[in-house]
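What follows is the residue order along each chain.
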Amino acid sequence: MNRQSIIVARFLLCAAAALGAAAWGGGKPEEKNPVKVVFVSVGMEKNSMWINGAPQESPLQLKFGVNFSVKSPLGFGSRYNDGIQYLEATDSTGRKLAPAEFRMGSMYPRSEGGIVQATVNGVAGELPSPDASWVRLKGVFRVPVSRSVESPVYEFPLAEEAEEHVPLPGANDREEAGGGDIVLSESVPTGRLFLKECSTFERNGKKMRKMILGLGVESSFDLDRFEILNEKDEVLETESRGGGSRMNSSYREWTRRLQFEEPENMQKLRFRMIYKVPVEPVSVPVDVKLGMRGEILSLIHIS
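Residues numbered from 1 in each chain as written. Predicted model: local features only at pLDDT ≥ 70, side-chain atom pairs only at ≥ 80, totals over all residues. Heavy atoms only, no water.

## Some thoughts on the sheet that holds strand β21 (residues 252-261)
Across the sheet, five strands lie side by side as β14-β17-β18-β21-β20; this open sheet has antiparallel pairing. The open sheet has two edge strands with one neighbour each: β14 (162-167) and β20 (238-247). The mean angle between the axes of side-by-side strands here comes to 20°, regardless of whether they run parallel or antiparallel. Here eight bridges tie β20 to β21, and the two strands are oriented antiparallel to one another. From the neighbouring strand, R246 faces β21, where its bridge partner is E253. (Pairing = 2+ DSSP bridges. Helix = DSSP H or I, 4+ residues; strand = E, 2+ residues; numbered from the N terminus. Axes fitted to C-alpha atoms, helices over the stretch in contact; angles between N-to-C directions.)

This is how it looks when you write it as structure tokens:
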């Protein structure tokens, strides 16, 4: 059996190698370090690619899956941040490997039950020794964290289409580390709020309203979602039917297809934006051993 086949046989068993290995900062997590880190997968993979019009496979790579979680209203920074971070890697033979690479720009946040999660993929810089029984990763993750903030309430007429240019709330805000203070920019950029395809329909005897609601900006802004409100500023239960975003070097736009049961005597569309304000990145020290047969030899250590 050659070197590669030996390593493959060992690592195919590691899909859950680090399941449950969690890291918190010192002290109480919600006070000192709000970010929780869990290694959720380890395994060998080959990437498929096209070279000169023909399909080919890359050399074997040792890959890691890492899950980050935090309690709302905190969340994670924009997915368009393409930062790369590294952890030192050593195998059980004592051989120091090339650092493992983690692309923090691949964070795609999802929220459920008040917990925001995002998964990041990592790749070992090189394969461990054929007779290695574990791989140790050590270093510090600098996790981009944001806080969800509510905008003022906006109003549109119940027309098929509408648009308005408004000041962007908190577009350049940043919370200072250690405090909760928000520093405001002296100049306030604007964004274009727009409404399209606004109409009503009947479903199960109820009057429903559907629409496309969107925002376009030419400055730094990170929209999370829209909330539809009634006249008492209560959030209406709203179904998201898809949407999208596009961006270039000077412009970024979000669209959301929404529908909801229309309140009685609704005269106008009332809504607000939930957007993300970046705060100082959270440093999470990592020191974990991942076994070759799917076991966790030691949990992450926090110094």
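Structure shown, so let's carry the discussion forward.
## Topic: the pairing of strand β23 (residues 282-291)
Where burial is concerned, most of β23 is hidden: eight out of the 10 residues are buried. The pairing of strand β11 (residues 134-143) with β23 spans 10 bridges and is classified as antiparallel. Bridging across to β23, V143 finds its partner in V282. (Buried < 20%, exposed > 50% of the residue type's maximum accessible area, 1.4 Å probe, protein only.)

## Overview of the environment of D222
Its location among the elements puts D222 in the loop between β18 (206-217) and β19 (223-229). Taking the C-alpha atoms as reference, D222 lies 9.9 Å from G170; in sequence the two are 52 residues apart.

## A closer look at the environment of A124
One can find A124 in the loop between β10 (115-123) and β11. Looking at A124, the relative accessible area reads 14%, which means it is buried. Taking the C-alpha atoms as reference, A124 lies 9.5 Å from E88; in sequence the two are 36 residues apart. Setting aside anything within four residues of it in sequence, one finds A124 in contact with L62, F64, P99 and A100. (Contact = heavy atoms within 4.5 Å.)

## As for the nonpolar core
Among the nonpolar cores identified, the biggest contains 36 residues, and F39, F68, F102, L137 and F141 are the most heavily contacted of them. Mapped by element, the contributors of at least two residues to this core are β2 (36-45), β5 (61-71), β6 (74-76), β7 (84-91), β8 (96-103), β10, β11 and β23. Beyond its immediate chain neighbours, meaning those up to four positions away, L137 contacts F39, F64, L87, E88, A89, A100, F102, V286, D287, V288 and L290. By size, the runner-up hydrophobic cluster in this structure holds 26 residues, among which are Y154, L168, L269 and V277. (Core = buried A, V, L, I, M, F, W, Y, C linked by side-chain atoms within 4.5 Å.)

## A word on the pattern of salt bridges
Overall, the coordinates contain 21 salt bridges when judged by the stated rule. In this structure, the salt-bridge partner of R95 is E126, at a minimum N-O distance of 2.5 Å. Taken together, the residues span a long stretch of sequence, with R95 in the loop between β7 and β8 and E126 in the loop between β10 and β11 at a distance of 31 residues. The exposure class of R95 is partly exposed, given its relative accessible area of 28%. Given a relative accessible area of 28%, E126 falls into the partly exposed group. Here E239 makes a salt bridge to R241, at a shortest N to O gap of 3.2 Å. (Salt bridge = Lys/Arg side-chain N within 4 Å of Asp/Glu carboxyl O.)

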